[in-house]
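Report on the structure
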Amino acid sequence: MKNIAVIGAGTMGNGIAHTFAQFNYNVHLIDVSQAALDKGIATISKNLDRMVAKEKISEADKTKTLDNINIFTSIKDGAKNVDLVVEAATENVSLKSKIFKELDEVCNENTILATNTSSISITQIAAVTNRADKVIGMHFMNPVPIMKLVEIIRGYNTSDEVMDTIVHLSKEINKTPVEVNDYPGFVANRILMPMINESIETLYNGVAGVKEIDTVMMLGMAHPMGPLQLADFIGLDVCLSILNVMHDGFKNPKYAPCPLLVNMVMAGKLGVKSGEGFYDYSENRKAETVAKMFS
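The following paragraphs examine the structure supplied in this document. Because the structure is predicted, anything quoted here is derived from the model rather than measured.

1. Here we look at the overall build of the protein
Summing up its helical and strand segments, the protein has 12 helices and 10 strands in all. Its C-alpha atoms give the protein a radius of gyration of 19 Å, within 12% of the compact-globule value 19 Å for 295 residues. Each principal axis of the C-alpha distribution contributes one length, and for the protein these read about 55 × 45 × 30 Å. The contacts of the protein with a sequence gap of at least 6 include a subset with a gap of at least 24, amounting to 64%.

Here's what the structure looks like:
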């Protein structure tokens, strides 16, 4: 396996492309938006610069990594003759289904189709293809070049051969693969999102403020960042989407998103990417200033 296509040049997509390219895979980065592709490559270059500054890689390594990435604005052109496609588009089942239908038509019959979904059923996505045995979940963690974990999610029809191939590939790019089964939220988000949601409920009920909640979890539970800061980092819209998938999938009220989260997303307060969530990021991307509505 040498040729990898990555669909989506956003935070997760460019991180996945960066990681494969750094390990000398030929990467086709695909996005319908040329502006998104340009921004994605700029982000990869900037992240590589940080690694050079920290002497983790050389300038030559940076150049080689960037040379390993080619960009495309169509799936038809970018997904031809690749061994693996990793889809990292928006967490929307209709969009992912549309992408996988097209991939099934465009890709060679032996191409493995993976999705970076953080909550949506692999079996449901695979059902729109004629190769359900070759569809699998590869849930990378953000930031991809740094975080070691990859959840490998087996759909109902995913073959043992494909599972073994993806587990081996994950190890080749210096990740730690963990095999899980196909249930809403898998493992990471099934545990993480209720904690984030409960933190938002705690704020909503006036138990404590933003910094107080985050400080308790950081100092008391040894979390590297508080749950509200983490929610901002993930994106409040993404958190809401994942909670909705779990709530719909399990029909269990414990996964129902907090009304405060719903209102913040409707108001466009999405966290770091919008400049404001539980914290104000207008001056910098660090969670130092609590958003005005919570201060």
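That was the structure; now back to the text.
2. Some details on the packing of aromatic side chains
Applying the stated criterion to the full structure yields four aromatic pairs. Look at F20 and F140: their rings are 6.4 Å apart centre to centre, the planes differ by 75°, and that puts the pair in the edge-to-face class. Of this pair, F20 sits in helix 1 (residues 11-22) while F140 sits in strand 6 (residues 135-140), and the two are 120 residues apart along the sequence. Pair check on accessibility: F20 and F140 agree, each one buried. An aromatic cluster of three or more residues is present, and its members are F20, Y25 and F140. Between K2 and the ring centre of Y25, over which it is positioned, the NZ or CZ distance is 5.3 Å.

3. Section: helix 7 (residues 160-172)
Helix length check: helix 7, at 13 residues, gives a terminal C-alpha distance of 18 Å against a target of 18 Å (1.5 Å per residue), a fit within 8%. Listed as buried for helix 7 are V162, M163, I166, V167, L169 and S170. Axial view of helix 7: buried residues confined to an arc of 160°, hence all on one face. The outward face of helix 7, more than 90 degrees from its buried face, is lined by the exposed residues D160, E161, D164 and K171. Those residues of helix 7 that are buried lie in contact with helix 1, strand 4 (84-87), strand 5 (112-115), strand 6, strand 7 (149-154) and strand 8 (176-181). N174 lies just past helix 7 and shows a positive phi near 65°.

4. Overview of the pattern of salt bridges
Taken as a whole, this structure holds eight salt bridges when the rule is applied. For R131, the salt bridge identified is with D104, shortest N-O distance 2.7 Å. In this pair, R131 sits in the loop between helix 6 (122-126) and strand 6 while D104 sits in helix 5 (residues 93-106), placing the two residues 27 residues apart along the sequence. Residue E276 is joined to K269 by a salt bridge in which the shortest nitrogen-to-oxygen separation is 3.4 Å. Among the ionic contacts, a cluster of salt bridges with common partners joins E87, E91 and K96.

5. Topic: helix 2 (residues 34-53)
With 20 residues, helix 2 extends 29 Å between its outermost C-alpha atoms, agreeing within 8% with the 28 Å of an ideal straight helix rising 1.5 Å per residue. Every buried residue of helix 2 is accounted for by L37, G40, I44, S45, L48 and M51. Burial along helix 2 is one-sided: seen end-on, the buried residues are contained in an arc of 135°. Facing away from the buried surface of helix 2 by more than 90 degrees, the exposed residues are A35, K39, K46 and A53.

6. Some words on the sheet that holds strand 2 (residues 26-30)
Each strand in a sheet pairs with its neighbour through backbone hydrogen bonds, running either in the same direction (parallel) or in the opposite one (antiparallel). Read from one edge of the open sheet, eight strands run 3-2-1-4-5-6-7-8, paired in mixed fashion. If you trace the sheet from one side to the other, it starts and ends with strand 3 (69-72) and strand 8, each paired once. Going from strand to strand, the sheet's axes swing by 25° on average, the running direction of each strand aside. Two elements, strand 5 and strand 6, share three bridges in a ladder whose sense is parallel. Bridge pairing in strand 6 places T115 opposite G137.

7. Remarks on the environment of G13
When you line up the elements, G13 lands in helix 1. When the C-alpha atoms of G13 and E109 are compared, they prove to be 24 Å apart, with 96 residues separating the residues in sequence. If we skip the residues at most four places from it in the chain, G13 touches V6, G8, L29 and A88.

8. A look at the environment of A17
One can find A17 in helix 1. In this structure the C-alpha to C-alpha distance between A17 and V144, which are 127 residues apart in sequence, comes to 9.2 Å. Among residues more than four places away in sequence, those in contact with A17 are V6, V27, L29, I44 and I69.

9. A few points about unusual backbone geometry
That bond from N142 to P143 is cis: its omega, 0°, falls within 30 degrees of zero. With phi around 60°, E55 is a residue other than glycine that occupies positive phi space. When you line up the elements, E55 lands in the loop between helix 2 and helix 3 (59-67). Assessed through its relative accessible area of 72%, E55 is described here as exposed. The residue N174 is not glycine, and still its phi comes out positive at about 65°. For N174, the position within the fold is in the loop between helix 7 and strand 8.

About the cut-offs
- Residues numbered from 1 in each chain as written.
- Predicted model: local features only at pLDDT ≥ 70, side-chain atom pairs only at ≥ 80, totals over all residues.
- Heavy atoms only, no water.
- Helix = DSSP H or I, 4+ residues; strand = E, 2+ residues; numbered from the N terminus.
- Rg over C-alpha atoms; globule rule 2.2 N^0.38 Å.
- Contact = heavy atoms within 4.5 Å.
- Phe/Tyr/Trp six-rings, centres within 6.5 Å; stacked < 30°, edge-to-face > 60°.
- Buried < 20%, exposed > 50% of the residue type's maximum accessible area, 1.4 Å probe, protein only.
- Lys NZ or Arg CZ within 6 Å of the ring centre and 35° of its normal.
- Expected span 1.5 Å × (residues − 1).
- Arc of directions from axis to C-beta.
- Salt bridge = Lys/Arg side-chain N within 4 Å of Asp/Glu carboxyl O.
- Pairing = 2+ DSSP bridges.
- Axes fitted to C-alpha atoms, helices over the stretch in contact; angles between N-to-C directions.

Structural measurements only, silent on function.
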